[in-house]
Amino acid sequence: MSTAEETTGGEVEPWEEVTPDAARRLLVAAVEAFAERGYHATTTRDIAGRAGMSPAALYIHYKTKEELLHRISRIGHDKALDILRTAAGREGSARERLADAVSSFVRWHAGRRTTARVVQYELDALGPEARAEIVALRRQVDAEVRGIIEDGVAAGEFDVPDVQGTTLAVLSLCIDVARWFTVNGPRTPEQVGALYADLVLRMVGAE
């Protein structure tokens, strides 16, 4: 399944942020190539070929291969952060908000698994400046989940001796779904999201 066809709840990944159409086609092709071959093994010629364009056409829209990866990483991390902020900011108990955060985050990593693999596992290929920007977004992702867990501890809903370590465990559990999930498996993204939400609630000692 191509990146353009990946779905969560039947919704097609549009990459609406990326214009014009040629730039979007190149970005989608880059995601597919990076996920399949890895960033370092992928050439700009590979990306252009997948997009049905010449290598020279790529440089009209992206100066370097790294710029493509940075754009993919930025959009992906912005989406991940938006998912968690939405869950963290909703009304309800910490238990409800944590379940919503985990199920939504897992659904994205399963439904957008090709994109998520690149976003989550190619960070070290970025240069220092771009990497620092993405690391800052990751810290914000961490803070959203940690905040929900801290709220639950303060309210007596959760029993968590190590909030920081538990936050890392929760995020690692969710992110790893992108590595193994397949549409040919026994569960849908929604089912995996529900399963992981239940597992995380047990992890934090929620009643």
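Quick notes on the rules
Residues numbered from 1 in each chain as written. Predicted model: local features only at pLDDT ≥ 70, side-chain atom pairs only at ≥ 80, totals over all residues. Heavy atoms only, no water. Helix = DSSP H or I, 4+ residues; strand = E, 2+ residues; numbered from the N terminus. Rg over C-alpha atoms; globule rule 2.2 N^0.38 Å. Buried < 20%, exposed > 50% of the residue type's maximum accessible area, 1.4 Å probe, protein only. UniProt positions renumbered as here; feature names shortened; annotations may be inferred. Axes fitted to C-alpha atoms, helices over the stretch in contact; angles between N-to-C directions. Parallel < 35°, antiparallel > 145°, perpendicular 65-115°, else oblique. Left-handed = near helix turned anticlockwise from the far one by under 90°. Contact = heavy atoms within 4.5 Å. Nonpolar A, V, L, I, M, F, W, Y, C, P; charged D, E, K, R; others polar. Polar contact = N/O pair within 3.5 Å; in protein donor to acceptor, adjacent residues only side chain to side chain. Expected span 1.5 Å × (residues − 1). Salt bridge = Lys/Arg side-chain N within 4 Å of Asp/Glu carboxyl O. Core = buried A, V, L, I, M, F, W, Y, C linked by side-chain atoms within 4.5 Å.

Structural notes on the overall build of the chain
Alright, step 1. Within the chain one finds 10 helices and two strands.
Alright, step 2. Seen in sequence order, the chain has helices and strands lined up from the N terminus as β-β-α-α-α-α-α-α-α-α-α-α.
Alright, step 3. What you see for the chain is a C-alpha radius of gyration of 18 Å, in line with the 17 Å of a compact globule of 207 residues.
Alright, step 4. When the backbone C-alpha atoms are referred to their principal axes, the chain occupies close to 60 × 40 × 25 Å.
Alright, step 5. Per-residue burial over the chain gives 48% buried out of 207 residues.

Focus on the UniProt feature "domain: HTH tetR-type" (unreviewed entry) in the chain
Alright, step 1. UniProt tags residues 20–80 as "domain: HTH tetR-type" (unreviewed entry).
Alright, step 2. In this annotation, residues 20–80 is assigned 77% helix and 0% strand; the end-to-end C-alpha distance for the span is 24 Å.

Digging into the packing of helix H7 (residues 128–154) against helix H8 (residues 163–175)
Alright, step 1. Interhelical geometry of H7 versus H8 gives an angle of 125° and a closest axis separation of 9 Å. Accordingly, the angle class assigned to the pair H7 and H8 is oblique. Considering how the two elements wind past one another, H7 and H8 form a crossing that is right-handed. Facing Val141, Asp142, Val145, Arg146, Ile149, Glu150 and Val153 of H7, the residues of H8 in contact are Val163, Thr166, Thr167, Val170 and Leu171.
Alright, step 2. Broken down by class, the residue content of the contact of H7 with H8 amounts to seven nonpolar, two polar and three charged.

Section: the side chain of arginine 113
Alright, step 1. With respect to the helices and strands, arginine 113 occurs in helix H6 (residues 113–121).
Alright, step 2. A polar contact is formed between the side chain of arginine 113 and the backbone oxygen of alanine 110, at a distance of 2.8 Å.

Some details on H7
Alright, step 1. End to end, H7 covers 38 Å across 27 residues, agreeing with the expected 39 Å (1.5 Å per residue, within 8%).
Alright, step 2. For H7, the complete set of buried residues consists of Ala130, Ile134, Val135, Leu137, Val141, Glu144, Val145, Ile148, Ile149 and Gly152.
Alright, step 3. Looking at the buried residues of H7, the elements they touch are helix H4 (65–89), helix H5 (94–111) and H8.
Alright, step 4. Looking one or two places after H7, you find glycine 156, whose phi comes out positive at around 80°.

Let's talk about the UniProt feature "DNA-binding region" (unreviewed entry) in the chain
Alright, step 1. In the numbering used here, UniProt assigns the feature "DNA-binding region" (unreviewed entry) to residues 43–62.
Alright, step 2. As annotated, residues 43–62 has a helix share of 70% and a strand share of 0%, and its two end C-alpha atoms lie 13 Å apart.

Structural notes on the packing of H4 against H7
Alright, step 1. With their axes 10 Å apart at the nearest point, H4 and H7 run at an angle of 15° to one another. In terms of orientation, H4 and H7 fall into the roughly parallel class. Crossing angle aside, the handedness with which H4 passes H7 is left-handed. On H7, the residues touching Glu66, His70, Ser73, Arg74, His77, Asp78, Leu81, Leu84, Arg85 and Ala88 of H4 are Ala130, Glu133, Ile134, Leu137, Arg138, Gln140, Val141, Glu144, Val145 and Ile148.
Alright, step 2. Class assignment for the residues of the contact of H4 with H7 results in nine nonpolar, four polar and seven charged.

Brief notes about the pattern of salt bridges
Alright, step 1. This model, assessed by the stated rule, comprises 13 salt bridges.
Alright, step 2. Ionic pairing is found between arginine 37 and aspartate 46, a salt bridge with its closest N-O pair at 2.6 Å.
Alright, step 3. We note a salt bridge from aspartate 78 to arginine 74, for which the minimum N-O separation is 3.0 Å. In this pair, aspartate 78 and arginine 74 are both assigned in helix H4, four residues apart and thus about one turn of the helix distant.
Alright, step 4. Classification of arginine 74 by relative accessible area gives partly exposed; the value is 31%.
Alright, step 5. One salt-bridge network, held together by shared partners, links Arg74, Asp78 and Glu133.

Some thoughts on the nonpolar core
Within soluble globular proteins, side chains that are nonpolar generally end up buried alongside one another.
Alright, step 1. Formed by 65 residues in total, the largest nonpolar core has its most connected members in Leu27, Ile47, Ile72, Leu98 and Val102.
Alright, step 2. The leading source of residues in this core is helix H1 (residues 21–37), at 10 residues.
Alright, step 3. In contact with valine 102, other than residues within four places in its own chain, are Val170, Cys174, Tyr196, Ala197 and Val200.

Focus on the environment of isoleucine 60
Alright, step 1. Along the chain, isoleucine 60 falls in helix H3 (residues 55–61).
Alright, step 2. For the pair isoleucine 60 and valine 135, spaced 75 residues apart in sequence, the C-alpha separation works out to 28 Å.

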